[in-house]
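Residue strings, one per chain:
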Amino acid sequence: MTLNARACNFIVVTLTETQPSRPEPTENAPSHAPSRWGPRLWAVLFVAGLAMFLDALDVSMVGVALPSIGAELGLETASLQWIVNGYILGYGGLLLLGGRAADLLGRRRVFIGALIVFGAASLVGGMVDSGELLIASRIVKGVAAAFTAPAALSIITTTFKQGHDRNKALSIFTVFGATGYASGLVASGLLTGVDWRLTFYAPVAVVAVVLVGAFIVVPKNTDKEHGTIDFAGAALLTGGMLAAVYTIVTAPETGFTATVTFTAVAAVVLLAAFVLTENKVRHPLVRLGILKIKSIVRANLAAMAIFGSYISFQTIVSLYLQNTLEWGPLQMALALAPAGVIVAILSPIAGRFIDRYGTTPMIIASMSSFVLGYLWFLVRGGAAEPLYVVDYLPSFLLLGLGFALGFSSVMVQATEGISDDEQGLASGLVQTSGQIGGAIVLAIATGLIGTATTTATSLDGYRPGLYLVEIVALVGLLASATALLARTRPVAEAA
């Protein structure tokens, strides 16, 4: 559900003077008639969905294990957040490169190669005894996920035709993520009680299953796009993001020292250079002209709000329940599990709602649910003697509803109208937006809560971070609602 929604992918089209511009895709275009799916189609969806399952499983397992990891390795909150953000930055920084590589080198080849690296990094992460090495393994793992995620989504969007079939496939794809998230919470609660290292070894078994399935059922795409990979753009984007997050995390503790000032300037320079590079290279990582398509922009903003707010919320709640309220890992995992269950139940039918109402109303309903869920926890979560059913459960159920309504809707809106040879890049853009949102919001949130994880005796020490989460969700809701305002304006003028 992030995470890993992890998150938990969209569009890049090359715009040059010799290429005609594409019309803006209409989010409510007529759906193709549903077709009958054979065993092979279901098998392809299952294998690609397992990659989503793996990503969500990993994110939720690590989130629950953070307090135990910090206690054994002696890591403070600022260092602990890098275990999450290291993965996110490796993931988000190279997603666009991963999507481009899938289109140029072949989705199946990229998918399988990245899975092998993911499994190896997970195995190493469970063996290290140093916080620095653990964070390094998480970065490598995120880089691998940056190639598996867009390849998996691209496999789905090129296998299932746009309209009803693709909406249905993406809804089922979301179920794998929800199941992975819920399974990861419960499994991590059980495994962390024994040894947190088991949470790193467990994904290796899933990787083995996905690899076998990929070799058997994922087709080789012979219609690979011709062009080059924009390595310079990828390096500038990743370097800029790393510098920006390091600045955000470090500045509240040390102030603007020479090092922090340097990284702040480096972040601005690298990201500005990225924009300039994308305007000049023949095959850019991101066609900046794509930002003229309003529905794509709204979808990416919604992805940033969903993942940015929820990843931070999960981290804060995990630390609060385990460090301040002294809940056990399994108790905390079971408390969050209903959110994943709601997504697993509702996601299979999300495609029907998208067909009927369109993506914009669904995303607005999703963001409204997130806003209400975070607000409930702010109001009720700090009770002196909390009653789970009254004080916590409604919040987690609302967040699950938000994911169930929003994830598939965002994916559909961000990839509608995009040709097959650019689906990998399209999926990479939206996932990048989600991961960038997650990295930046989490970095700010951990800076706001400071030492609350070790000194707070109530929810008050965590409230600054929770207020930020609520604000991010509100911004996402307002950004999505602008689509309705744009629709009603011509009607009013006509009247």
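Calculation criteria
- Residues numbered from 1 in each chain as written.
- Predicted model: local features only at pLDDT ≥ 70, side-chain atom pairs only at ≥ 80, totals over all residues.
- Heavy atoms only, no water.
- Helix = DSSP H or I, 4+ residues; strand = E, 2+ residues; numbered from the N terminus.
- Areas by Shrake-Rupley, 256 points an atom, 1.4 Å probe, with all protein chains shown as cover.
- pLDDT = per-residue confidence, 0-100.
- Contact = heavy atoms within 4.5 Å.
- Salt bridge = Lys/Arg side-chain N within 4 Å of Asp/Glu carboxyl O.
- Buried < 20%, exposed > 50% of the residue type's maximum accessible area, 1.4 Å probe, protein only.
- Phe/Tyr/Trp six-rings, centres within 6.5 Å; stacked < 30°, edge-to-face > 60°.
- Lys NZ or Arg CZ within 6 Å of the ring centre and 35° of its normal.
- Axes fitted to C-alpha atoms, helices over the stretch in contact; angles between N-to-C directions.
- Parallel < 35°, antiparallel > 145°, perpendicular 65-115°, else oblique.
- Left-handed = near helix turned anticlockwise from the far one by under 90°.
- Nonpolar A, V, L, I, M, F, W, Y, C, P; charged D, E, K, R; others polar.
- Expected span 1.5 Å × (residues − 1).

## Here's the deal with the overall build of the protein
Counting secondary structure elements, the protein contains 16 helices and 0 strands. Of the roughly 18700 Å² of accessible surface on the protein, a fraction of 68% belongs to carbon and sulfur atoms.

## Details of the confidence of the model for the protein
Per-chain confidence: the protein averages 79 in pLDDT, with 84% of residues scoring 70 or above. At the level of individual helices and strands, the protein shows its lowest average pLDDT in helix α15 (residues 452-455), which scores 59, and its highest in helix α12 (residues 359-380), which scores 93. Note that residues 1-32 has pLDDT below 50 and, in this model, 130 contacts with residues that lie over four places away or in other chains.

## Re the pattern of salt bridges
Within the structure shown, the criterion is met by 6 salt bridges. Across the pair Lys141 and Asp58 runs a salt bridge, and its minimum N-O distance is 2.4 Å. With Lys141 in helix α4 (residues 131-159) and Asp58 in helix α1 (residues 39-73), this pair connects stretches of sequence that are 83 residues apart. For Lys141, a relative accessible area of 1% translates into the label buried. With relative accessibility at 1%, the residue Asp58 sits in the buried group.

## Some words on the packing of aromatic side chains
In the structure shown here, the tally under the stated rule is 21 aromatic pairs. Ring centres 5.2 Å apart and planes at 50° place the aromatic pair Phe313 and Tyr374 in the tilted group. Pair noted here: Phe313 is in helix α9 (residues 294-324) and Tyr374 is in helix α12, with a separation of 61 residues, a long-range link. Judged on exposure class, the residue Phe313 and its partner Tyr374 are both buried. Members of the aromatic cluster, each reached through a chain of ring pairs, are Phe307, Tyr310, Phe313, Trp327, Phe370, Tyr374, Phe377, Tyr388, Tyr392, Phe396, Phe403 and Phe407. Directly above the aromatic system of Trp37 lies the positively charged group of Lys168, at a separation of 4.4 Å from the ring centroid.

## Thoughts on the side chain of Ser318
Take Ser318: it is sitting in helix α9. Leave out the neighbours within four places in its chain, and Ser318 touches Gly63, Val64, Pro67 and Met332.

## Considerations on the packing of α1 against helix α3 (residues 107-125)
At a minimum axis distance of 13 Å, the contact between α1 and α3 shows a crossing angle of 25°. As far as their axial angle goes, α3 and α1 are roughly parallel. The chirality of how α1 crosses α3 is left-handed. Of α3, the residues touching α1 (which contributes Val47, Ala51, Leu54 and Asp58) are Phe111, Leu115 and Phe118. Counted by class, the contact of α1 with α3 contains 6 nonpolar, no polar and 1 charged residues.

## Some words on the environment of Gly126
One can find Gly126 in the loop between α3 and α4. Given the relative accessible area of 1%, Gly126 is considered buried. Separated by 71 residues in the primary sequence, Gly126 and Arg197 place their C-alpha atoms 4.7 Å from one another. What Gly126 contacts, discounting residues up to four positions off in sequence, is Arg197, Phe200 and Tyr201.

## Structural notes on helix α6 (residues 198-217)
The terminal C-alpha atoms of α6, which comprises 20 residues, lie 30 Å apart, in line with the 28 Å expected from a rise of 1.5 Å per residue. Residues of α6 that are buried include every one of Thr199, Phe200, Pro203, Val206, Val207, Val210, Leu211, Gly213, Ala214 and Val217, and no others. In this structure, the buried side of α6 is in contact with α1, α3, α4 and α5 (164-194).

## A few points about the packing of helix α2 (residues 77-105) against α3
The interhelical angle for the contact between α2 and α3, taken along N-to-C directions, is 150°, at an axis separation of 8 Å. Overall, the two elements α2 and α3 adopt an arrangement that is roughly antiparallel. For the element pair α2 and α3, the recorded crossing hand is right-handed. Contact residues: α2 offers Tyr87, Gly98, Ala101, Ala102, Asp103 and Leu105, while α3 offers Arg107, Arg109, Val110 and Phe118. In terms of residue class, the contact of α2 with α3 is made up of 6 nonpolar, 1 polar and 3 charged.

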